[in-house]
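Remarks on the overall topology
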Amino acid sequence: ILICIFIIDRAISSICYLMFMFLTLFLAFYPNYIPGRVFLIVMCVFCQFVALLWYTLSYIPFARNIAVCVLAGYAAAQNHLQVCWSNAIDNEIIV
């Protein structure tokens, strides 16, 4: 089962998931004060979720490609909205 986890396509997401899991446990149980501990723990849990999602997508054919295309399309749409909004503000007629 460890061979399947560390196949080259899944190795990076597996290592990220395990690293963030260790970091989360370290931050949660470290006895000394760490500034922003709760924020760091929440960010580690979020990164674990993203790594696990990316690992899971590797089992579905073309799922990673689709996810990248969807995120790229979302980023392009956000950029387009920002450009349209700035053009609307620039062209606004003040009465």
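The following refers to the structure shown.

About the cut-offs
Residues numbered from 1 in each chain as written. Predicted model: local features only at pLDDT ≥ 70, side-chain atom pairs only at ≥ 80, totals over all residues. Heavy atoms only, no water. Helix = DSSP H or I, 4+ residues; strand = E, 2+ residues; numbered from the N terminus. Buried < 20%, exposed > 50% of the residue type's maximum accessible area, 1.4 Å probe, protein only. Patch = residues over 30% accessible without salt bridge, like charges linked within 9 Å, V, L, I, M, F, W, Y side chains within 5 Å. Areas by Shrake-Rupley, 256 points an atom, 1.4 Å probe, with all protein chains shown as cover. Salt bridge = Lys/Arg side-chain N within 4 Å of Asp/Glu carboxyl O. Phe/Tyr/Trp six-rings, centres within 6.5 Å; stacked < 30°, edge-to-face > 60°. Lys NZ or Arg CZ within 6 Å of the ring centre and 35° of its normal.

1. Section: the environment of Y55
Looking at the element boundaries, Y55 is found in helix α3 (residues 37–57). With relative accessibility at 17%, the residue Y55 sits in the buried group. Spatially, the C-alpha atoms of Y55 and Y17 are 8.9 Å apart, while their sequence positions differ by 38 residues.

2. Observations regarding a nonpolar patch on the surface
On the surface, F39, L40, M43, F46, F49, V50 and L53 cluster together into a nonpolar patch covering about 680 Å² of accessible area. What makes F49 exposed here is its relative accessible area of 53%.

3. Comments concerning the packing of aromatic side chains
Following the criterion strictly, the structure yields three aromatic pairs and no others. An angle of 25° between the planes, with centres 6.5 Å apart, marks the rings of F22 and F26 as stacked. Of this pair, F22 and F26 both sit in helix α2 (residues 8–29), four residues apart, which is roughly one turn of the helix. Of the residues examined, F26 reaches a relative accessible area of 37% and is grouped as partly exposed. Clustering of aromatic rings is evident, with ring pairs tying together F22, F26 and Y30. The ring of Y59 is capped by R10, whose NZ or CZ atom sits 3.8 Å from the centre of that ring.

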